[in-house]
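# Residue-level structure breakdown
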Amino acid sequence: MIPASFDYVAPTTVEEALAALAQYGDEAKIIAGGQSLLPVLRMRLNAPEWVIDLGRIDSLKGVRDEGDSILIGAMTRHCDVATDPLVAEHAALVARATATVADEQVRHRGTFGGALAHADPAGDLGAPALALDAEFVIAGPGGERVVPGSEFFQGLFETAVSEDELLVGVRIPKHTGWTAHYEKFVRVAHQWPICAVGATLKVSGGVIEGAAIGLTNMGATPLRAAGVEQALVGQQATEEVVRNAAALAADGAEPPSDLNGDADYRRHLVTVLTRRAITKALGG
Ligand SMILES: Cc1cc2nc3c(=O)[nH]c(=O)nc-3n(C[C@H](O)[C@H](O)[C@H](O)COP(=O)(O)OP(=O)(O)OC[C@H]3O[C@@H](n4cnc5c(N)ncnc54)[C@H](O)[C@@H]3O)c2cc1C
């Protein structure tokens, strides 16, 4: 279907974009890469009168070194995140997960901020961001505010970004030297996962010194598998330790039931994927 007609504005600064949001209010919709919004408009599930395109705001693009952390601009495309040297060195889990998003075509249009602002529970980037203790930088009429991952994802397709605000970037504390793997279970190639697990670990002398585990599509929002992390930290990186820790992955999760699998199936699947993700992050 063809989208309902709308007017279009393409600001070149964050200030101009915020002014447009203030002017057009709930008649406006932000477009980033358009990979999720355009299908919605084409199916006429949403029919904004104004579309505000962030594509010409250069300050929202790219990855910056901020000392103890890196900042990924909201309009950085998936293909650029997946190949960025700062991301590879300091947030390897993000690079691994981004490389699994959709296909090359989608990765050349879709953006890091667009995917996180969309907050699809099956989206691949929320769980890695949460696991890495990312902070979300949001700009609004009153200036900028910073929201931790635990408060950013508020529900199904719902985030802390209000209608008059923009996500401008995501700050990720450096996890330099941490190994990582994102294990994604799909029924169809190049698509969202039925369930996925991101694991990133710091290992020294065979002992796991740090562990961060994020779960995708195990609830309305991305989840962190705190029980698994606790069972790993301080332990020798053995097969038995990994297996026992992974068995805890579904604790506290309330996964959905849909045509791809019911909740019990996902509860089992996530323990298998967690074991694989940790094992592969350990180099196995
Ligand atoms: C065929 C196909 C397969 C896909 N497979 C996967 C997959 O395997 N894994 C996966 O994770 N994703 C997948 N996606 C989704 C893809 O990652 C999109 O890029 C992403 O969901 C949205 O990013 P975008 O930049 O295109 O945002 P848009 O579609 O432009 O916007 C998405 C939503 O976020 C809002 N928004 C965008 N940017 C901002 C901002 N800076 N501040 C506030 N609000 C904002 C928009 O208003 C809109 O509501 C797939 C998409 C397609 C079409």
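For clarity, every value in this text was computed on a predicted model and none was experimentally measured.

## Concerning a negative patch on the surface
Together, Asp-7, Asp-26, Glu-27, Glu-49, Glu-163 and Asp-164 make up a negatively charged patch on the protein surface. Relative to the helices and strands, Asp-164 resides in the loop between β9 (158–159) and β10 (166–173). Using a relative accessible area of 35% as the deciding quantity, one classes Asp-164 as partly exposed.

## Thoughts on the site of the ligand
Around the ligand lies a shell of 29 residues, among which Ile-30, Ser-36, Leu-37, Thr-111 and Asp-124 are the nearest. Separating an oxygen atom of the ligand from a backbone N or O atom of Gly-33 is a distance of 2.8 Å. Between Gln-191 and the ligand, the recorded distance is 2.9 Å, taken from a backbone N or O atom to an oxygen atom. Alone, the ligand offers 980 Å² of accessible surface; in the complex the protein occludes 90% of this. Elements represented by at least two residues in the shell around the ligand include exactly β2 (28–31), α7 (112–118) and β10. Looking at which element gives the most residues to the shell around the ligand, the answer is α7, with four residues. Of the residues contributing to the shell around the ligand, the split by class is 14 nonpolar, twelve polar and three charged.

## Topic: the nonpolar core
By size, the foremost hydrophobic cluster in this structure holds 35 residues, and its most contacted members are Ile-72, Val-87, Val-94, Leu-116, Phe-136, Phe-152 and Ile-172. Going through the elements one at a time, β5 (69–73), α5 (92–98), α7, α8 (126–131), β6 (135–140), β10 and β11 (179–185) are the ones with two or more residues in this core. The biggest single contributor to this core is α5, with five residues. Three or more residues apiece are contributed to this core by two domains, here domain 2 (62–173) and domain 3 (179–281). With residues near it in sequence (within four places) discarded, Ile-172 still touches Ser-69, Ile-70, Ile-72, Ala-91, Val-94, Leu-132 and Ala-134.

## As for the UniProt feature "domain: FAD-binding PCMH-type" (unreviewed entry) in the protein chain
In the numbering adopted here, UniProt assigns the feature "domain: FAD-binding PCMH-type" (unreviewed entry) to residues 1–177. Secondary structure content for residues 1–177 is 32% helix and 25% strand, while the C-alpha to C-alpha distance between its ends is 48 Å.

## Observations concerning the domain arrangement of the protein chain
Taken domain by domain, the protein chain holds domain 1 (7–53), domain 2 (62–173) and domain 3 (179–281). Using C-alpha coordinates to define each centre, domain 2 is positioned 20 Å away from domain 3. Residue-level contacts link 24 residues of domain 2 with 23 residues of domain 3. When domain 2 packs against domain 3, the two sides together hide about 1800 Å² of surface, and 64% of this comes from carbon and sulfur. Between Lys-184 and Asp-124 there is a salt bridge, with the nearest N and O atoms lying 2.6 Å from each other. Across the contact surface, domain 2 and domain 3 share nine residue pairs in polar contact (both at pLDDT 80 or more). Elements with a minimum of two residues in the side of domain 2 that touches domain 3: α5, α8 and β8 (153–155). Top contributing element to the side of domain 2 that touches domain 3 by residue count: α8, with five residues. In terms of residue class, the side of domain 2 that touches domain 3 is built from 14 nonpolar, five polar and five charged.

Reading guide: rules and limits
- Each residue is numbered by its place in its chain's sequence as written, counting from 1.
- Where totals are concerned, whole chains, interfaces and linings use all residues; where local detail is concerned, this predicted model gives features only for residues with pLDDT of at least 70, and gives and counts side-chain atom pairs only at 80 or more.
- The side-chain values count all of the structure's non-hydrogen atoms but skip hydrogen atoms and water molecules.
- For patch building, the residue pool is restricted to those with more than 30% relative accessible area and no salt bridge; the joining distance is 9 Å between like charges and 5 Å between nonpolar side chains (Val, Leu, Ile, Met, Phe, Trp, Tyr).
- Accessible surface is estimated by sampling points in the Shrake-Rupley manner with a 1.4 Å probe; for residues, cover comes only from the protein chains shown.
- By definition here, a salt bridge exists when the distance from a side-chain nitrogen of Lys or Arg to a carboxyl oxygen of Asp or Glu is within 4 Å.
- Asp and Glu are treated as the negative residues and Lys and Arg as the positive ones, with His and the ends of the chain left uncounted.
- In this description, the location of a charge corresponds to atom NZ of lysine, CZ of arginine, CG of aspartate or CD of glutamate.
- In this text, helices come from DSSP runs of H or I with a minimum length of four residues, and strands from runs of E with a minimum of two, each type numbered from the N-terminal end.
- Each residue is placed in one exposure class: buried if its accessible area under a 1.4 Å probe, protein chains only, is under 20% of its type's maximum, exposed if it is over 50%, and partly exposed if it falls in between.
- Whether a residue is near a molecule or strand depends on its heavy atoms: it is near if one of them lies within 4 Å of it.
- Here a polar contact is recorded for every N or O atom pair within 3.5 Å, except that within protein the pair must consist of a potential hydrogen donor and a potential acceptor, and residues adjacent in sequence are included only if both atoms are side-chain atoms.
- Gly is placed with the polar residues, together with every amino acid not listed as nonpolar (Ala, Val, Leu, Ile, Met, Phe, Trp, Tyr, Cys and Pro) or charged (Asp, Glu, Lys and Arg).
- We call a set of buried Ala, Val, Leu, Ile, Met, Phe, Trp, Tyr and Cys residues a nonpolar core when their side-chain atoms join them within 4.5 Å.
- Here the bounds of each domain stem from an automatic or database domain assignment.
- Whether two residues touch is decided by their heavy atoms; if any such pair falls within 4.5 Å, the residues are in contact.
- UniProt positions are given in the numbering used here, feature names are shortened, and annotations may be inferred rather than shown by experiment.
- Joining two parts hides part of their accessible area as seen by a 1.4 Å probe, and the buried area is that hidden amount summed over both.

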